[in-house]
Amino acid sequence: MKKELLAPAGDIEAGYAAVYYGADAVYLGLRQFSARATATNFDEAELNEFVGFAHSKGRRVYVAVNTLVLENELDDLLETLDICVRCRADAVILQDLGAARVVREKYPELEMHASTQMAVHNREGALALQKLGFSRVVVARELNRDEIEKIAAIPGLEIEAFIHGALCYSYSGLCLFSSLEMGKSANRGKCLYPCRACFKGESGEKHYFSMKDMALEEDVLKMPAYSLKIEGRKKSALYVAAVTDFYRRLLDGKGKDQKRADNIKQIFSRPWCKFYFHGRDKSVVDRDFIGHRGLFVGTVEQVSGNSLRFCSSHAVARHDGLQIETAGFEKPFGFSVRHLRAGGRNVFEAKAGELVEIGLPPGAPLLQPGDKIYLASSSEVKGAYPYEKPKPGIFRQKKKIDVDVVVSSNKIAAKCLSFEVFFDGRFEAAKDSAKMFEAVKKSFAKTGETNFVLGNLTVDNPQNLFVPASQLNELRRKLYAAVVVEKKAGVLPSVDSARVKKAAKLIVKTDRAASLAKIDLERVDEIIFVLEPKTTVDDLKNLPKQKIRLALPEICRNPEIFHSTVSCFWAQGFRKWEVSNYWGVEMLSGKKADISFDRQIYMMNTQAVQEAKTARISRVTLSVEDVKANLLTLCEKTPLPVVLPVYADAALFESDVCIRSNLCKNCPRGEKWMTLVKDGRRYDVLSKNCQTMVFDARPYCIAAEAKSVPADYYRVDFLYRNYTAEQAALIFEKVCLFEDVSGDVLKGNLRRAI
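Computed from a predicted structure; not experimentally measured.

**Student:** Could you give me a rundown of the sheet that holds strand β26 (residues 419–424), with the residues and numbers involved?
**Tutor:** In space, the 4 strands of this open sheet follow the order β26-β25-β24-β27, with mixed pairing throughout. A strand with exactly one partner marks an edge of an open sheet, and here the two such strands are β26 and β27 (452–460). Sheet twist, expressed as the mean angle between neighbouring strand axes with direction ignored, is 20°. Across 5 bridges, strand β24 (residues 399–408) lies against strand β25 (residues 411–416) in antiparallel orientation.

In structure tokens:
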């Protein structure tokens with residue numbers, strides 16, 4: 001089967017470059033609901049033009065509508081989807097379950113692709129989304145080849161996987177760092193990339209979370225996914241052209257072109273890695289330096305005065321940009337070459353293999369022999385990827401409209417769709433009826449800058465009357481002025497009436513039964529217990545069985561290990577379950593279970609809650625990154641009971657990348673806590689079984705505000721940390737009194753916008 005090469009476009013120029021250099025499909029975003037909100041993105045006119053161009057070349061266009069949607073944005077979502085339909089986009093890429101419901105019910109002409117923000121990391125998760133109407137799933141970047149192959153074997157479901165570009169330390173969709181700490185949500189397209197920052201930890205001041213770039217190169221030919229995705233909606237058209245060209249040649253059997261690979265590195269590149277395509281690799285983090293590096297061309301051999309010498313493995317020319325990794329700096333030192341000597345003379349360009357002397361700019365840091373030198377930009381590469389683009393307007397897509405014109409002795413009227421215009425007049429007999437019809441047709445064929453063209457024209461002129469061209473033109477202008485504003489009548493799918501609210505109840509959630517030993521569980525309506533593969537019924541013996549709801553973890557790369565555990569608890573009569581990722585829904589399919597959604601399956605609008613209800617979910621949990629106004633709306637309007645997390649250690653990162661510095665073969669893999677510090681703020685890091693979770697040292701606690709948020713349940717979590725029974729009881733009592741556990745707690749976005 002021929003694979004699809006899918007390229008990014010942050011603007012229309014990048015889109016043209018992608019098509020010119022061989023992309024089979026292009027993905028892009030509009031000005032709202034794009035997970036790359038700070039990219040240029042497309043307006044409706046640009047999308048219309050680009051889709052027309054792409055379709056003329058036999059290429060497809062997917063629009064990323066892949067952010068979480070607040071309740072007061074649902075009407076804007078309809079407008080965005082209207083634009084996608086009007087411009088004939090081939091599919092929309094979605095994260096929000098409510099947006100998926102709206103598309104499936106009201107825009108069936110749009111294919112639905114599940115964004116990587118939905119954190120699909122196993123076969124079960126993909127199957128669950130297929131049942132919800134998704135025709136394609138973008139799998140998590142963390143997966144290896146065998147895991148992708150298992151998912152790709154699902155009949156009737158397309159799988160899309162990343163092959164090149166930037167990586168996130170956290171699973172996409174599960175990163176709350178930028179949101180909870182800074183009010184800029186990655187799930188809303190506004191990430192401030194705190195993962196690239198420098199933290200002080202057990203290995204010193206390092207960039208513990210700053211990932212290298214993915215570059216599968218020849219291994220793209222081994223990728224089992226159908227669609228091969230290049231990351232880069234914030235990159236330039238030059239970058240898109242170079243990367244698309246490189247992989248197009250590989251897929252067409254032309255082999256790896258090292259020069260083209262070097263070109264990419266000069267345009268933009270962190271160090272490259274394969275991530276986990278071939279299995280775990282601890283070298284995927286670039287701890288010492290951040291940002292664009294370039295093409296490695298040599299090391300400093302000698303520094304003398306205001307110049308340095310080195311033997312370059314690549315041609316270097318004046319006005320090229322160099323970057324040098326220098327100890328004590330988190331970013332390489334970069335400068336433009338102004339003075340260049342080779343062979344004892346001034347030259348414009350030095351050839352590969354020559355010993356070169358390059359003048360350093362004023363203020364250069366102290367460089368040392370052995371410092372690595374990179375070619376970060378070159379004039380040659382900047383001109384190496386020309387591309388053709390059409391003249392503006394030539395591929396504008398226009399809808400065909402039918403017009404009816406009726407002429408009587410004292411009035412002329414024109415109709416189109418539901419619009420009608422007319423004006424009065426006195427008209428005399430025409431000398432030639434055929435010429436009269438042609439005059440009407442000539443006038444109404446002039447659609448100008450509108451978004452439509454004339455289709456069928458009928459002229460009802462039984463008395464064979466003559467209408468002057470000036471009056472025909474005026475009639476046309478009046479009609480088309482009305483028709484041009486026509487849009488699809490966007491109406492949201494209906495939502496069931498809000499549930500009957502009762503007095504709020506208390507829930508505790510834990511992964512250690514001992515933590516609850518000193519809490520009066522008579523006051524608790526429900527205890528949610530997080531399972532591990534080896535959890536047994538005996539581990540819960542001190543908890544009241546009738547109050548227990550069992551929870552499956554959000555990340556499970558090998559769901560098979562839970563089959564026997566789930567079966568065992570089911571056989572013991574446990575019927576209440578909670579899931580925090582779509583894989584859990586599929587794991588429990590076929591069982592008549594009472595299933596609730598945890599907060600990692602985002603519920604930020606009533607359409608999402610209704611979708612959960614349709615899927616027979618009994619209860620949903622509100623997001624810890626939501627804002628108060630939206631929380632209040634959901635508490636009032638949703639058709640399902642809602643849970644408000646009041647106290648929790650909310651993970652800022654949930655990552656498959658190990659933070660430990662030791663070699664894997666020597667690692668005990670058990671639970672280990674570490675501390676990181678940045679700008680005086682402490683972060684606690686849990687490393688366990690090759691996974692990493694990062695927490696603000698302050699707990700998330702909104703107890704003081706929770707009383708004003710009328711949820712059906714208030715929840716207190718004792719997860720991840722080894723809470724003593726005494727600590728848990730003290731926290732529980734404070735929360736029950738709607739008191740914060742301390743003066744310095746994490747409030748998330750409760751008092752701000754996202």
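**Student:** So what's going on with unusual backbone geometry? Residues and values would help.
**Tutor:** The backbone of Phe 275 sits at a positive phi, close to 55°, despite the residue not being glycine. In this structure Phe 275 comes out as buried when scored by relative accessible area, which is 2%. The backbone phi angle of Cys 690 is positive, close to 75°, even though this residue is not glycine. When you line up the elements, Cys 690 lands in the loop between β37 (681–688) and β38 (691–696).

**Student:** I'd like a description of the pairing of strand β29 (residues 526–530), backed by residues and values.
**Tutor:** A large share of β29 lies buried, amounting to 5 of its 5 residues. What you see with β29 is no split at all: Glu 526, Ile 528 and Val 530 on one side and Ile 527 and Phe 529 on the other are buried throughout. In this sheet, strand β30 (residues 548–551) lies alongside β29 in parallel orientation, the contact comprising 4 bridges. Within β30, the position partnered with Ile 527 by the bridge is Ile 548.

**Student:** Hey, could you go over the environment of Glu 330 for me, with residue numbers and the actual values?
**Tutor:** Positionally, Glu 330 belongs in the loop between β17 (321–324) and β18 (333–336). Glu 330 sits in the partly exposed class, given a relative accessible area of 38%. In sequence terms Glu 330 and Tyr 247 are 83 residues apart; their C-alpha atoms lie 31 Å from each other. Residue contacts for Glu 330: discarding those within four places in its chain leaves Cys 198, His 207, Asp 288, Phe 289 and Ile 290. There is a polar contact of 3.2 Å between the side chain of Glu 330 and the side chain of His 207.

**Student:** I'd like a description of the environment of Ala 504, backed by residues and values.
**Tutor:** Tracing the backbone shows Ala 504 in the loop between α12 (469–483) and β28 (505–510). According to the relative accessible area criterion, Ala 504 is partly exposed, its value standing at 41%. In the structure, Ala 504 is positioned 245 residues away from Asn 749 in sequence and 23 Å away in space, judged by C-alpha atoms. Every residue in contact with Ala 504, bar those within four places of it in the chain, is listed here: Ala 711, Asp 712 and Tyr 714.

**Student:** Outline helix α3 (residues 74–86), listing residues and values.
**Tutor:** Compared with an ideal rise of 1.5 Å per residue, which puts 13 residues at 18 Å, α3 spans 18 Å between its outermost C-alpha atoms and is within 8% of the ideal. Listed in full, the buried residues belonging to α3 are Leu 74, Leu 77, Leu 78, Thr 80, Leu 81, Asp 82, Ile 83 and Cys 84. Summarising the contacts, the buried residues of α3 are in contact with α2 (44–56), β3 (60–65), β4 (91–94), α4 (97–106) and α15 (606–614). Among the residues trailing α3, Arg 88 stands out with phi positive, at a value near 65°.

**Student:** So what's going on with the sheet that holds strand β15 (residues 307–311)? Which residues, and what values?
**Tutor:** Within a sheet, neighbouring strands are paired by backbone hydrogen bonds and run either parallel or antiparallel to one another. Read from one edge of the open sheet, 5 strands run β14-β15-β22-β19-β20, paired in antiparallel fashion. At either margin of the open sheet sits one strand with a lone partner, and together these are β14 (302–304) and β20 (345–346). Looking at chain direction, strand β19 (residues 340–342) and strand β22 (residues 355–359) are connected through 3 bridges and run antiparallel. Bridge pairing in β22 links Ala 342 to Val 356.

**Student:** Tell me about the packing of helix α1 (residues 12–20) against helix α8 (residues 237–251), residues and numbers included.
**Tutor:** α8 packs onto α1 with a crossing angle of 20° between their chain directions and a minimal axis gap of 8 Å. One finds that α1 runs roughly parallel with respect to α8. In this structure, α1 crosses over α8, and the sense of that crossing is right-handed. Between α1, through Glu 13, Ala 14, Ala 17 and Ala 18, and α8, the contact on the second element is made entirely by Ala 237, Val 240, Ala 241 and Thr 244.

**Student:** Could you give me a rundown of the packing of aromatic side chains, with the residues and numbers involved?
**Tutor:** In the structure shown here, the tally under the stated rule is 29 aromatic pairs. Between Phe 569 and Phe 574, the aromatic rings sit 5.4 Å apart at their centres with planes inclined by 75°, giving edge-to-face as the arrangement. Owing to a relative accessible area of 0%, Phe 569 belongs among the buried residues under this scheme. Three or more aromatic residues link up through ring pairs in this structure, and these residues are Tyr 169, Phe 177, Phe 199, Phe 209, Phe 653 and Tyr 683.

**Student:** Please give an account of the pattern of salt bridges that cites residues and values.
**Tutor:** In this structure the tally under the stated criterion is 65 salt bridges. In this structure, Arg 477 and Glu 474 form a salt bridge, with 3.3 Å as the shortest nitrogen-oxygen distance. Taken as a pair, Arg 477 and Glu 474 lie in helix α12 at a separation of 3 residues, close to a single helical turn. On the basis of relative accessibility, which here comes to 34%, the residue Glu 474 falls in the partly exposed class. Arg 523 serves as the salt-bridge partner of Glu 733, at 2.6 Å between the closest nitrogen and oxygen. One end of the pair, Glu 733, is in helix α18 (residues 725–736); the other, Arg 523, is in the loop between β28 and β29, with 210 residues separating them in the sequence. The exposure class of Glu 733 is partly exposed, given its relative accessible area of 35%. A residue is classified by how much of its surface remains accessible, and Arg 523, at 35% relative accessible area, is partly exposed.

**Student:** Quick one: what's the story with the nonpolar core, residue by residue and with numbers?
**Tutor:** One finds Leu 47, Phe 50, Phe 209, Leu 552, Trp 577, Leu 644 and Phe 718 to be the most contacted residues of the largest nonpolar core, which totals 199 residues. With 9 residues, α8 is the largest single contributor of residues to this core. With residues up to four places along the chain from it excluded, the contact list for Phe 718 reads Val 508, Lys 509, Thr 510, Asp 511, Leu 516, Ile 519, Tyr 647, Tyr 723, Ala 728, Ile 731 and Phe 732. Within the second largest apolar cluster, 23 residues are counted, among which are Ile 412, Leu 454, Leu 457 and Leu 479.

Definitions and cut-offs
- Residues numbered from 1 in each chain as written.
- Predicted model: local features only at pLDDT ≥ 70, side-chain atom pairs only at ≥ 80, totals over all residues.
- Heavy atoms only, no water.
- Pairing = 2+ DSSP bridges.
- Helix = DSSP H or I, 4+ residues; strand = E, 2+ residues; numbered from the N terminus.
- Axes fitted to C-alpha atoms, helices over the stretch in contact; angles between N-to-C directions.
- Buried < 20%, exposed > 50% of the residue type's maximum accessible area, 1.4 Å probe, protein only.
- Contact = heavy atoms within 4.5 Å.
- Polar contact = N/O pair within 3.5 Å; in protein donor to acceptor, adjacent residues only side chain to side chain.
- Expected span 1.5 Å × (residues − 1).
- Parallel < 35°, antiparallel > 145°, perpendicular 65-115°, else oblique.
- Left-handed = near helix turned anticlockwise from the far one by under 90°.
- Phe/Tyr/Trp six-rings, centres within 6.5 Å; stacked < 30°, edge-to-face > 60°.
- Salt bridge = Lys/Arg side-chain N within 4 Å of Asp/Glu carboxyl O.
- Core = buried A, V, L, I, M, F, W, Y, C linked by side-chain atoms within 4.5 Å.

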